[in-house]
Amino acid sequence: MPELVLWDIDHTLMATRGLGRELWAEAFEQVTGTAMRQQASVTGSTERVILRETARLHGIPYTEDLFAAFAEALGTVHVRRAAELRVRGHALPGAAEVLAALSERGVRQSVVSGNVRAAAEVKLAAFGLGGHMVWDEGAYGEDGEGRPELLRKALARGGVQGSAAVFFGDTPADAAGGREAGVRVVAVATGRASVEELRAAGAAVVLESLSDVPAVLAAVGA
């Protein structure tokens, strides 16, 4: 049984059905004064990278002060529109059951996500999933640019070795990042990537979804 299970959020535990892009655009316009015409790729990325590349697409210089202001604005807009998120978004099948089953077995759980922490907390709270997380043992968009860096920070905060952790994600970047950080990855094909793509990127196990709870627990080793 692992000491720590780490979770990606978007398309692994839940989906926003397009609202996420709206909230991002609102925060972007608030801090830059420019309406977002296009957004850099978000799949498997972090908010810092997405903001830097999106700012470049709009001819806006990127600075760490800009990111700090954006992170605060993005968290605030998630809080303000949390009720809308509950209506338009949804938890993915099996997510609540798997989190509860791991908690019942005494497995510590946290988040490794490109989302800023405030947004991550709102997203999971909207669907009753946040109570299972030890938030201070996770890593978020404020903490780095890539999955390997975020995973290493989460391992350090959780006080565990990579061999004692499992990371759930849905993108090739998640799978490759876990491999680089020495963390076993269980991937779910609930995002844009296929089972074959996730396996090729380095996932130890690839599942179609979280809906088969016994299969998920077996993959974790719990």
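Residues numbered from 1 in each chain as written. Predicted model: local features only at pLDDT ≥ 70, side-chain atom pairs only at ≥ 80, totals over all residues. Heavy atoms only, no water.

1. Let's talk about the sheet that holds strand β6 (residues 184-188)
Thinking step 1. One open sheet holds the 5 strands; their spatial order is β4-β1-β5-β6-β7, and the pairing between them is parallel. Pairing within the sheet leaves two strands with one partner each, and these edge strands are β4 (108-111) and β7 (205-207). The sheet shows a mean angle of 20 degrees between the axes of neighbouring strands, direction not considered.
Thinking step 2. Here strand β1 (residues 4-7) runs beside strand β5 (residues 165-169); their pairing, made up of 4 bridges, is parallel. Paired with Trp7 across the bridge in β5 is Phe168.
Thinking step 3. Strands β1 and β4 of the sheet are contacted by helix α5 (residues 95-104), whose axis makes an angle of about 160 degrees with β1. (Pairing = 2+ DSSP bridges. Helix = DSSP H or I, 4+ residues; strand = E, 2+ residues; numbered from the N terminus. Axes fitted to C-alpha atoms, helices over the stretch in contact; angles between N-to-C directions. Contact = heavy atoms within 4.5 Å.)

2. A short note on the packing of helix α7 (residues 147-158) against helix α8 (residues 172-181)
Helices that pack against each other are described as a pair by the angle of their axes relative to one another and the distance between those axes.
Thinking step 1. Where α7 contacts α8, the axes come no closer than 8 Å and their chain directions differ by 55 degrees. Viewed along their axes, α7 and α8 adopt a mutual orientation that is oblique. Crossing of α7 over α8 shows right-handed handedness. Where α7 approaches α8, its residues Arg147, Pro148, Leu151, Arg152 and Leu155 are matched on the opposing element by Ala173, Asp174, Gly177, Gly178, Glu180 and Ala181. (Parallel < 35°, antiparallel > 145°, perpendicular 65-115°, else oblique. Left-handed = near helix turned anticlockwise from the far one by under 90°.)

3. Here's the deal with the packing of aromatic side chains
Thinking step 1. Considering all chains together, one arrives at 4 aromatic pairs under this definition.
Thinking step 2. With a centroid separation of 5.8 Å and an interplanar angle of 15 degrees, the aromatic rings of Trp24 and Phe28 are classed as stacked. One end of the pair is Trp24 and the other is Phe28, both in helix α1 (residues 19-32) and 4 residues apart, which spans about a single turn. We note that Trp24, like Phe28, is buried. (Phe/Tyr/Trp six-rings, centres within 6.5 Å; stacked < 30°, edge-to-face > 60°. Buried < 20%, exposed > 50% of the residue type's maximum accessible area, 1.4 Å probe, protein only.)

4. What about unusual backbone geometry?
Thinking step 1. At His11, a residue that is not glycine, the phi angle is positive and equals roughly 70 degrees.
Thinking step 2. Its place among the elements puts His11 in the loop between β1 and β2 (14-15).
Thinking step 3. The phi angle at Arg17 is positive, at roughly 55 degrees, despite the residue not being glycine.
Thinking step 4. Inspection of the secondary structure puts Arg17 in the loop between β2 and α1.

5. Remarks on the side chain of Ser45
Thinking step 1. For Ser45, the location among the structural elements is in the loop between α1 and α2 (47-57).
Thinking step 2. According to the relative accessible area criterion, Ser45 is buried, its value standing at 16%.
Thinking step 3. In contact with Ser45, other than residues within four places in its own chain, are Ile50, Gly114 and Arg147.

6. Here's the deal with helix α3 (residues 64-80)
Thinking step 1. For α3, built from 17 residues, the straight-helix expectation of 24 Å at 1.5 Å per residue is met to within 8% by its first-to-last C-alpha distance of 24 Å.
Thinking step 2. Turning to α3, its buried residues are Leu66, Phe67, Phe70, Ala71, Ala73, Leu74, Gly75, Val77 and His78.
Thinking step 3. Buried residues belonging to α3 abut α1, α2, α4 (82-88) and α6 (117-126). (Expected span 1.5 Å × (residues − 1).)

7. Some points on the pattern of salt bridges
Thinking step 1. Per the stated rule, a full pass over the model turns up 18 salt bridges.
Thinking step 2. With its nearest N and O atoms 2.8 Å apart, the salt bridge here joins Glu26 to Arg81. With a gap of 55 residues between them, Glu26 in helix α1 and Arg81 in the loop between α3 and α4 connect regions that are remote in the sequence.
Thinking step 3. Glu26 gets classed as partly exposed once you look at its relative accessible area, which sits at 25%.
Thinking step 4. Taking the shortest distance from any N to any O, the salt bridge between Glu84 and Arg88 comes out at 3.0 Å. Residue Glu84 and its partner Arg88 are located together in helix α4, separated by 4 residues, close to a single helical turn.
Thinking step 5. Its relative accessible area of 26% is what places Arg88 among the partly exposed residues.
Thinking step 6. Beyond isolated ion pairs, a larger network of salt bridges with shared partners links Glu22, Glu26, Arg80, Arg81, Glu84 and Arg88. (Salt bridge = Lys/Arg side-chain N within 4 Å of Asp/Glu carboxyl O.)

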